[in-house]
Each structure stands twice: as structure tokens, then as C-alpha cells.
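# Residue-level structure breakdown
Residues per chain, in single letters:
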Amino acid sequence: MQSRREVQRERSRGTSKRMIRDLLILIILIFLVGWSIYAVGNHPKAEAERQATTIAKRYANLKTRTDFYIYNRENTYYTVAGKNNKGQRILVIVPQKNGSVRIVKQSTGLTEQQALAQVKSNEHPKRVLKAVPGIFNDKVVWEVTYLNSKGNLCYDLINFKTGSYVQQINNL
């Protein structure tokens, strides 16, 4: 016959094993729910990227893709950056809805790094959030989004070909 202490020890061992098992199940469930939310939330972007890349391959002879951008202003544009079959670096700008696909040789305008450098030297941002190519007033532009020295959100639109500022929105 077991003593009362031995019975309590066995119960406490069983309880701690159940706690560990329940904790592991909870962690796995949290991971699965988080992954599901991420996958469902990311699906539209992944689908847009797939479609824009397919269009870029068809219309611009895109051979290698190096980047993908989403530009949202009056209209939404998806841009695929990469190299065509001649080895030229190109940007293929695809409208989300109606409009024509634009193919731009990167050598004819500012690169992403040049647009970022221009904003950094002129505006002295605290932190640059992104640089995205798109179409504004029927011109190809770089939209550079950053936080200024006060921590306020700012947008600069820079003409792709000339490098001049098209629009600046500060302190949002």
C-alpha cells in the first residue's frame, strides 16, 4: 500500500506532464493560427506579384526578376524590376486595373539608390521607409516615403527621367 506522500508525488508528476503537454499544444495552435492569418493576408500581394511577373515576361521579355513594388496613389501600379533577354535592366509597370503596361529601361532614368540618395541629401530623413516606382500625372516617378527629423511621415515624388521633385507631402 502506498503512503499518502507517494500518491501526492505521482499526482503532481502527472499534473506537470499534462501542463507541459497542454502548453506545447497551445504554442502549436498559436503558431498555426498566426501562420494562417499571415498566409491569407499575404495572398493578394503574392497573386499580384505572380500576375505582374507573367505580364512582364510576356510583354517585356523579362528573363530575371530582381524586385517587385506596389505603388498606391490615384491608381495602383505593380512594378517588376529585372533584366530582359538582352541583359538590359528594366522596370515593367503594370496598372492594377485599366491602362497600358509601361516598359522603362533603368538606364534612362534614376535608379532606386539615386532617388534615395537625393532624398537623403536634400531632406535629411530620420528613417527612409521605402522607394517605389509608379505613374503620377502620366509620368514615371519614384515615390520615396520617409520619416523626417521630427518623426512625421513624408512622401516625395521624384521624376524618373529628370530627377526633379514632382510633389512633396510633408508632416503627415
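What you see is a predicted model, and the numbers here were worked out from it, not measured in a lab.

### A few points about the pattern of salt bridges
Scanning the entire structure with this criterion turns up 5 salt bridges. Note that Arg50 is salt-bridged to Glu47, the shortest N-O span being 2.4 Å. On the criterion of helical spacing, the pair formed by Arg50 and Glu47 is a turn pair, its members being 3 residues apart in helix H1 (residues 4-60). Owing to a relative accessible area of 25%, Glu47 belongs among the partly exposed residues under this scheme. Glu49 is the partner of Arg65 in a salt bridge, and the nearest nitrogen-oxygen pair spans 2.8 Å. With Arg65 in strand E1 (residues 62-72) and Glu49 in helix H1, this pair connects stretches of sequence that are 16 residues apart. Residue class for Arg65 comes out partly exposed when judged on its relative accessible area of 40%. Taking the relative accessible area as the measure of exposure, Glu49 reaches 18% and is therefore buried.

### Some words on the sheet that holds strand E5 (residues 127-136)
One open sheet accounts for 4 strands, arranged E5-E6-E7-E8; its pairing is antiparallel. In this open sheet, the two edge strands, each paired with only one partner strand, are E5 and strand E8 (165-169). Between one strand and the next, the sheet's axes are offset by a mean angle of 15 degrees, whatever the strand orientation. One ladder, built from 4 bridges, connects strand E7 (residues 153-159) with E8; its direction is antiparallel. Paired with Tyr155 across the strands is Ile169, a residue of E8. Contacting E5, strand E6 (139-147), E7 and E8, helix H2 (residues 112-123) runs over the sheet at an angle of about 50 degrees to E6.

### Things to note about the layout of surface pockets
Counted as a void, the largest pocket has a volume near 180 Å³. Around the largest pocket, the lining is made up of 13 residues, and of these Asn75, Tyr77, Pro95, Asn98 and Gly99 lie nearest the centre. Elements with a minimum of two residues in the lining of the largest pocket: strand E2 (76-84) and strand E3 (89-95). Quantified by volume, the second largest pocket comes out at close to 150 Å³.

Quick notes on the rules
Residues numbered from 1 in each chain as written. Predicted model: local features only at pLDDT ≥ 70, side-chain atom pairs only at ≥ 80, totals over all residues. Heavy atoms only, no water. Salt bridge = Lys/Arg side-chain N within 4 Å of Asp/Glu carboxyl O. Helix = DSSP H or I, 4+ residues; strand = E, 2+ residues; numbered from the N terminus. Buried < 20%, exposed > 50% of the residue type's maximum accessible area, 1.4 Å probe, protein only. Pairing = 2+ DSSP bridges. Axes fitted to C-alpha atoms, helices over the stretch in contact; angles between N-to-C directions. Contact = heavy atoms within 4.5 Å. 1 Å grid on protein atoms, 1.4 Å probe; cavity = no way out; pocket = protein on both sides within 12 Å on 5 of 7 lines; lining within 4 Å. Points joined across faces, edges and corners; volume = space filled by probe spheres on them.

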